[in-house]
Amino acid sequence: MTSSSAATPRLQRDPMTSGFGAFVRGADLPHLAERPEAAAQVRAWLDEHQALVLTDVDVDPETFVALAGTLGPVRPARVRHPSLTGPAGEHLFVSVREGTSAPRAAMPDDAGHVWHVDYTFVDPPPRLSMLYAKTAPEGGSRTWFADMTRVYAALPAELKARIDGLQACHYSHPQGANELTPDTPPVPLAQRQQGVRHALVMRDDHGTPFLCLPARPDSLIDGLSEGESRALLEALWPYVFAHGQIWDYELRSGEILVWNNQKLMHKRSAWPTHEERLLWFLTTQ
């Protein structure tokens, strides 16, 4: 965290040293739905920093959904969890582990462990993703982010010209593997041809271009062969790691992590299987 900060009377922002991202704290955070000026300030900070950690937040599911609604229309959840019976359950994905539960087997191919953008099976992908740690173990999961606006800006002119106008097929891998290995069966070509197409170069509301990559290295690029598609993706990925200004964060109890899902690729490490946790996740349009 840097020493510079900006504040409204009841909100304070502290930019991170990573080059993007900021902490936001203040008494208004749980009440953004009733405080339009505070909500507008959070939206402006999110537009500036691309990712925010809202700290010291203690809210129920309905308040969390209302808070998210001040940042954008909240999308329905893919799966409704039986622990949520109210209207908020229509929007929240729940990650829960009770201390008495038997540890779940490790899932090294879980999609959270590979670089991705949430829900690229819809067009356009959700603009924001939000993860609230109602209860999180110390030394738990970490999330890594890469700034895809910086990545695109770093591409050489010939590579920018090469990808201009191209679209990639974002197919769903049944195992969530981010690369084919001797232990991961190849995905049939017909399956890799089924999925939503997204332009490799997208633009935000200000017209700023950013790179949009499919999570899978064997994804297909429309108009290119399998080999040409893989070669092009292999040429692009090194720029993510060299120029994405990658930073990581461990979410703690009482914090909400909200980020621009379209412009930041992310991945996360596994949660400890033997520690209690309760997290709520949602996305906005």
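Quick caveat, the model's predicted, so the values are computed rather than measured. (Residues numbered from 1 in each chain as written. Predicted model: local features only at pLDDT ≥ 70, side-chain atom pairs only at ≥ 80, totals over all residues. Heavy atoms only, no water.)

K.L.:
Before we go on, may I ask you to explain the overall build of the protein in this structure?
P.N.:
When its secondary structure is counted, the protein shows six helices and 15 strands. Scored against the burial criterion, the 285 residues of the protein give a buried share of 49%. Within the protein, residue pairs in contact and separated by at least 24 positions form 76% of the contacts whose partners lie at least 6 positions apart. (Helix = DSSP H or I, 4+ residues; strand = E, 2+ residues; numbered from the N terminus. Buried < 20%, exposed > 50% of the residue type's maximum accessible area, 1.4 Å probe, protein only. Contact = heavy atoms within 4.5 Å.)

K.L.:
Would you explain the packing of aromatic side chains in this entry?
P.N.:
The description of an aromatic ring pair rests on the distance of the ring centres and on the angle between the ring planes. A full pass over the atoms with the stated rule returns 12 aromatic pairs. Ring geometry for tryptophan 237 versus phenylalanine 241: centroids 5.9 Å apart, planes at 25°, classification stacked. With a gap of four residues between them, tryptophan 237 and phenylalanine 241 both fall in helix α6 (residues 226–243), about one helical turn apart. Put simply, the rings of Phe20, Phe23, Phe145, Trp247, Tyr249 and Trp259 pair up and form one aromatic cluster. The ring centre of tryptophan 144 lies 5.5 Å from the NZ or CZ of lysine 267, which sits over that ring. (Phe/Tyr/Trp six-rings, centres within 6.5 Å; stacked < 30°, edge-to-face > 60°. Lys NZ or Arg CZ within 6 Å of the ring centre and 35° of its normal.)

K.L.:
Honestly, the nonpolar core in this entry has me stumped. Any pointers?
P.N.:
General note: in soluble globular proteins, nonpolar side chains tend to be found buried as a group. Counting 31 residues, the largest nonpolar core has Leu52, Leu54, Phe64, Leu92, Met130, Ile256 and Leu282 as its most contacted members. Elements with a minimum of two residues in this core: β3 (22–25), α1 (36–49), β4 (51–54), α2 (61–69), β6 (128–135), β13 (255–260) and β15 (277–284). With five residues, the top contributor of residues to this core is α1. Excluding its chain neighbours within four sequence positions, the residues that come into contact with leucine 282 are Phe64, Val65, Ala68, Val74, His91, Leu92, Leu128, Ser129 and Met130. Counting 25 residues, the second-largest nonpolar core is a separate cluster that includes Trp115, Tyr152, Phe210 and Leu232. (Core = buried A, V, L, I, M, F, W, Y, C linked by side-chain atoms within 4.5 Å.)

K.L.:
Where do I start with the pattern of salt bridges in this structure?
P.N.:
A side chain of one charge can pair with a side chain of the opposite charge if their charged atoms are brought near each other. A complete count under the given rule lists 14 salt bridges for this structure. The residue glutamate 90 makes a salt bridge to arginine 80 at a minimum N-O spacing of 3.9 Å. Highlighted residues: glutamate 90 in the loop between α2 and β5 (93–97) and arginine 80 in the loop between α2 and β5, separated in sequence by 10 residues. Overall, the relative accessible area of 41% leaves arginine 80 in the partly exposed class. The residue arginine 192 makes a salt bridge to glutamate 226 at a minimum N-O spacing of 2.8 Å. Placement of the pair is arginine 192 in helix α5 (residues 189–192) and glutamate 226 in helix α6, with a sequence separation of 34 residues. Connected through shared salt-bridge partners, Arg10, Asp28 and Arg35 make up one network. (Salt bridge = Lys/Arg side-chain N within 4 Å of Asp/Glu carboxyl O.)

K.L.:
Explain the side chain of histidine 170 here, please?
P.N.:
Note that histidine 170 resides in strand β8 (residues 167–170). Here histidine 170 falls in the buried class, since its relative accessible area comes to 5%. Engagement of the side chain of histidine 170 in a polar contact is seen with the side chain of threonine 120, the distance being 3.4 Å. Those residues within four positions of histidine 170 in sequence are excluded, and the remaining contacts are Thr120, Gly195, Val196, His198, Cys212, Leu213 and Pro214. (Polar contact = N/O pair within 3.5 Å; in protein donor to acceptor, adjacent residues only side chain to side chain.)

K.L.:
How should I be thinking about α6 in this particular structure?
P.N.:
Helical periodicity: at 3.6 residues per turn, an α-helix aligns residues three or four positions apart in one direction. Between its terminal C-alpha atoms α6 stretches 26 Å, which fits the 26 Å expected from 18 residues at 1.5 Å a residue. Restricting attention to buried positions, one finds in α6 the residues Ser229, Leu232, Leu233, Leu236, Trp237 and Val240. On an axial view of α6, the arc spanned by its buried residues comes to 140°, and they lie on one face. Exposed residues on α6 whose side chains face more than 90 degrees from its buried face are Gly227 and Ala242. Residues of α6 that are buried in the fold lie against β7 (142–147), α3 (148–154), α4 (157–163) and β14 (264–268). Just downstream of α6, glutamine 245 is the residue with a positive phi angle, here 50°. (Expected span 1.5 Å × (residues − 1). Arc of directions from axis to C-beta.)

K.L.:
Got a minute to help me understand the pairing of strand β2 (residues 11–15) in this structure?
P.N.:
Both faces of the sheet carry side chains from a regular strand, because those side chains alternate between them. Judged by how many residues are buried, β2 sits mostly within the fold: four of five residues are covered. Across four bridges, β2 lies against β3 in antiparallel orientation. Residue pairing for β3: proline 15 is matched across the bridge by alanine 22. Hairpin connection, β2 to β3: the antiparallel pair is bridged by six residues, and glycine 19 has positive phi, about 105°. (Pairing = 2+ DSSP bridges.)

K.L.:
Looking at this structure, how should I read α1?
P.N.:
Here α1 spans 20 Å end to end across 14 residues, near enough to the 20 Å set by a 1.5 Å rise per residue. For α1, the set of buried residues is Ala38, Ala39, Val42, Trp45, Leu46 and His49. Looking straight down α1, one finds that the buried residues subtend no more than 125° of arc, so they occupy a single side. Exposed residues pointing more than 90 degrees away from the buried face of α1 are listed as Pro36, Glu37 and Glu48. Positioned one or two residues after α1, glutamine 50 has a phi angle of 75°, which is positive.

That's the geometry; what it means functionally is another story.
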